[in-house]
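Each chain, written out:
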Amino acid sequence: MKKLICAVLSLLMLLSLAACSSGKQETKTETKPESKTETRTEAKTETGKEEGFSPALDTSVSAHINVAGGYSNFEALEAEFDRFMEYYPNLEMVFTKVDDFNNMIGVVLNGDEAPDIYVNNSWMYGREQYKESIDHAEDLSDPALGLDLDCIRPNIMLQTDDGSLPMVPVFSTTYGMLVNEDLFKKEGLNIPGTYAELVEVCKAFHDKGYANPLMGYTAKETTSLFILAIYPYFCATVADDAEAVKQLNAKDPAAGEYMRPALERLQQMLKDCGVDLDACEAIENNYEAVILRFFE
């Protein structure tokens, strides 16, 4: 029986997926996948417009896939299971929540009903406590599996001592700023390299009619803008302050005051750069198509 090599866990964090190519790929595998995931981004047309989901594998394949994880809210994605099985009608997917997942997954894998797909974390590798979880994983670098892993950045792949690949990343969190170089060229502006230049160029774009020169993904209470701005600045303010580090490690409530400079800096950045958080909320959501591609 041909199996679908891929999987599902950590889907709630797919917004930071590792970049993958848009080409379609045949997956020819006769072995049982006991390991993680293959990630793929949404296919795009030559114009860059998203095409939506279309099956890349044999839709007549029959399989029962048991996915194990520790997510208590995974039930929210049951509708996506159903949607995926509309494309693959002979496929049955079941999610099983494992309590105390990190400590119990080894026991589950040694049981009579071991899952086909489960989640490992890169930090588990090399720790005796999680050895069984790594040992049960299939080596996804095996050429016999026919997996094209070129779509995943090499620097986020787990490098094991024996050269095997027990897992591939479901997602990768990368912080930074993306720049629309075409707009800079069109408007005759230079890409900023300092904070002062960032403020200056945001003002220039605003004067040219761009209502929101600086955008960022936001989900009400949290936003990538906050993470990008706060953490590096916060770390820089306490890195050389031994007393601050001591209070933070002791979880002293008073240590929260060390966050004030970073928060004030962020507040000033939002004002200086004309950031409209309501406009950031309007960024298009292609979550469903990404999930379906991820299942596949």
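Now for a quick tour of the structure. Residue positions within a chain follow its written sequence, with the count starting from 1. Confidence filtering applies because this is a predicted model: local features only for residues at pLDDT of at least 70, side-chain atom pairs given and counted only at 80 or more, and all residues used for totals across whole chains, interfaces and linings. Working from all heavy atoms in the structure, the side-chain values ignore hydrogens and water.

Considerations on the nonpolar core
Okay, step 1: Ranked by size, the top nonpolar core spans 17 residues in total, and within it Ile65, Phe81, Phe84, Tyr88, Leu91, Met93 and Phe295 carry the most contacts.
Okay, step 2: In DSSP terms, a helix is any run of H or I states spanning at least four residues, a strand is any run of E spanning at least two, and both are numbered starting from the N terminus. For this core, the secondary structure elements donating two or more residues are β1 (63-69), α1 (78-87), β2 (91-97) and α10 (287-295).
Okay, step 3: Residues are treated as being in contact if the distance between any of their heavy atoms lies within 4.5 Å. Each residue touching tyrosine 88, except ones within four places of it in the same chain, is listed here: Pro55, Ala56, Leu57, Asp58, Thr59, Val61 and Glu296.
Okay, step 4: In this description, a nonpolar core means a group of buried Ala, Val, Leu, Ile, Met, Phe, Trp, Tyr and Cys residues linked to one another through side-chain atoms lying within 4.5 Å. Remark: exposure states derive from per-residue accessible area (1.4 Å probe, protein chains only) relative to the maximum for the residue type, with buried under 20%, exposed over 50%, and partly exposed in between. The next biggest cluster of nonpolar side chains, apart from the first, holds 15 residues, and it includes Leu198, Leu225, Val238 and Cys280.

Focus: the packing of aromatic side chains
Okay, step 1: Paired rings are identified among Phe, Tyr and Trp, the last through its six-membered ring, by centres lying within 6.5 Å, and are further divided according to the angle between planes into stacked (under 30 degrees), edge-to-face (over 60) and tilted (the rest). Under the definition given, this model contains four aromatic pairs.
Okay, step 2: The interplanar angle of 35 degrees and the centroid separation of 5.0 Å between the aromatic rings of phenylalanine 84 and tyrosine 88 together place this pair among those described as tilted.
Okay, step 3: You can call phenylalanine 84 buried: its relative accessible area is 0%.
Okay, step 4: Seen in terms of ring centroids, tryptophan 123 and tyrosine 130 are 5.3 Å apart; in terms of plane orientation they differ by 85 degrees. Their pairing is edge-to-face.
Okay, step 5: On the basis of relative accessible area, tryptophan 123 is assigned to the partly exposed category, the value being 35%.

Some remarks on a nonpolar patch on the surface
Okay, step 1: Distance thresholds for patches are 9 Å for like charges and 5 Å for nonpolar side chains (Val, Leu, Ile, Met, Phe, Trp, Tyr), applied to residues having over 30% relative accessible area and no salt bridge. Accessible surface is estimated by sampling points in the Shrake-Rupley manner with a 1.4 Å probe; for residues, cover comes only from the protein chains shown. Salt bridge, as applied in this entry: a Lys or Arg side-chain nitrogen positioned within 4 Å of an Asp or Glu carboxyl oxygen. Residues Met177, Val179 and Ile191 make up a contiguous nonpolar surface patch of roughly 250 Å² in combined accessible area.
Okay, step 2: When you line up the elements, valine 179 lands in the loop between α3 (131-135) and α4 (181-187).

Comments concerning the sheet that holds strand β3 (residues 117-118)
Okay, step 1: By definition, two strands form a pair when at least two bridges between them are found by DSSP. With respect to topology, three strands assemble into an open sheet ordered β2-β1-β3, the strand pairing being parallel. Two strands in the sheet have a free side with no partner beyond their single neighbour: β2 and β3.
Okay, step 2: Here β1 runs beside β2; their pairing, made up of seven bridges, is parallel. Directly across from isoleucine 65, in β2, lies its bridge partner methionine 93.

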